[in-house]
Structure formats: C-alpha cells, structure tokens
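The residues making up each chain are set out below.
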Amino acid sequence: MAHARASIGTVNYATAITTGDHKFNADERPELGGKDAGPGPYELLTSALAACTVITLRMYAERKQWPVTAVQADVTFIREGDKQHIDRVLAIEGNLDDEQKKRMADIAERTPVTLTLKRSMEIRTTLA
C-alpha cells in the first residue's frame, strides 16, 4: 500500500510531501501563482507513470535476461479543452531486435500505474 501526506501553509502553493522515508516539495509555476519550488501535481502524476514504466521494463528485461542497457520514458500530460490524455514515448537501449522492443512496449501498457490510470477509480474523502 502506498501512502503520502501533503501539507500546505500560507505560502501559495508551496506543499510539503512525505511518503515513506522521503520528503520533498511540490508547488505551482509562477504563471499559476506559485514559486516553482517543486514539481506541480500533474508533473508528479507523469513522474509516477514514467518511473513505474521504466522500473517495470527493467524488471522484465532482467527476468528475460535481455541486454537492455537503459530505458527512458518521456511522459506528457496533455489537456485540450475538456479532453485530456497522456503521451508516453519509450526509448529502449541495448542489443534488442524489433520484436523484443515491441514486447517491451506491450508490457508498458500493463504496468501497475498505467492500469490504474486507464481505469476509473473511486476516491473516498472524509474529514479528520
């Protein structure tokens, strides 16, 4: 189970985040009223998808003993009017043939965060 706690004081929109043993900041860009002291919420979302993608593909390559030397996932959240989508571009380095690279792209479609984002999820909100 993953858990994160975010808190904000009176400085627009500086947010302190704690998850596990990690602490970092989130913020908004100056054009949105923040000071860009950390990634914004959608940057965190795309970061989560990118990280999950490359971690999963590294695990898969190791299990298959494929000679993958690096994997990059370039993830962009795009909003056009009332429609939104995520573009993900994979770069897989190593001595792989086209079929192996295609298989890695197929696996990317089934990473845990990918599947979470592709299906709707209930969010339950309560007051402490």
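Because the structure is predicted, anything quoted here is derived from the model rather than measured. (Residues numbered from 1 in each chain as written. Predicted model: local features only at pLDDT ≥ 70, side-chain atom pairs only at ≥ 80, totals over all residues. Heavy atoms only, no water.)

Asks: Could you give me a rundown of the sheet that holds strand β1 (residues 5–8), with the residues and numbers involved?
Replies: Pairing in this open sheet of 3 strands is antiparallel, and the strands run β1-β2-β3 from one edge to the other. Edge strands, defined here as strands with exactly one partner in the open sheet, are β1 and β3 (22–26). Neighbour to neighbour, the strand axes of the sheet diverge by 20° on average, direction disregarded. Here 5 bridges tie strand β2 (residues 15–19) to β3, and the two strands are oriented antiparallel to one another. Within the sheet, the bridge partner assigned to Thr19 lies in β3 and is His22. (Pairing = 2+ DSSP bridges. Helix = DSSP H or I, 4+ residues; strand = E, 2+ residues; numbered from the N terminus. Axes fitted to C-alpha atoms, helices over the stretch in contact; angles between N-to-C directions.)

Asks: Kindly report on the pattern of salt bridges, identifying the contributing residues and their values.
Replies: For the structure shown, the criterion picks out 4 salt bridges. We note a salt bridge from Arg88 to Glu109, for which the minimum N-O separation is 3.3 Å. One end of the pair, Arg88, is in strand β5 (residues 83–94); the other, Glu109, is in the loop between α2 (98–108) and α3 (112–118), and 21 residues separate them in sequence. A residue is classified by how much of its surface remains accessible, and Arg88, at 21% relative accessible area, is partly exposed. Classification of Glu109 as partly exposed rests on a relative accessible area of 36%. (Salt bridge = Lys/Arg side-chain N within 4 Å of Asp/Glu carboxyl O. Buried < 20%, exposed > 50% of the residue type's maximum accessible area, 1.4 Å probe, protein only.)

Asks: Hey, could you go over the packing of helix α1 (residues 41–64) against α2 for me, with residue numbers and the actual values?
Replies: The description of two helices packed together rests on the angle between their axes and the distance between the axes. Closest axis-to-axis distance for the α1/α2 pair is 10 Å, and the angle between their directions is 130°. By the angle class used here, α1 and α2 are oblique. Seen from above, α1 lies across α2 with right-handed handedness. Listed contacts from α2 to Thr53, Thr56, Leu57, Tyr60 and Ala61 of α1 are Arg103, Met104, Ile107 and Ala108. (Parallel < 35°, antiparallel > 145°, perpendicular 65-115°, else oblique. Left-handed = near helix turned anticlockwise from the far one by under 90°. Contact = heavy atoms within 4.5 Å.)

Asks: Requested: an account of α2, with residues and values cited.
Replies: Among the residues of α2, those classed as buried are Gln100, Met104, Ile107 and Ala108. With its buried residues spanning 105° around the axis, α2 presents them on a single face. Summarising the geometry of α2, the exposed residues directed more than 90 degrees from the buried face are Asp98 and Glu99. For α2, the side-chain oxygen to backbone nitrogen distance between the N-cap and Glu99 is 3.1 Å, and the N-cap itself is Asp97. (Arc of directions from axis to C-beta. Polar contact = N/O pair within 3.5 Å; in protein donor to acceptor, adjacent residues only side chain to side chain.)

These figures capture arrangement, not role.
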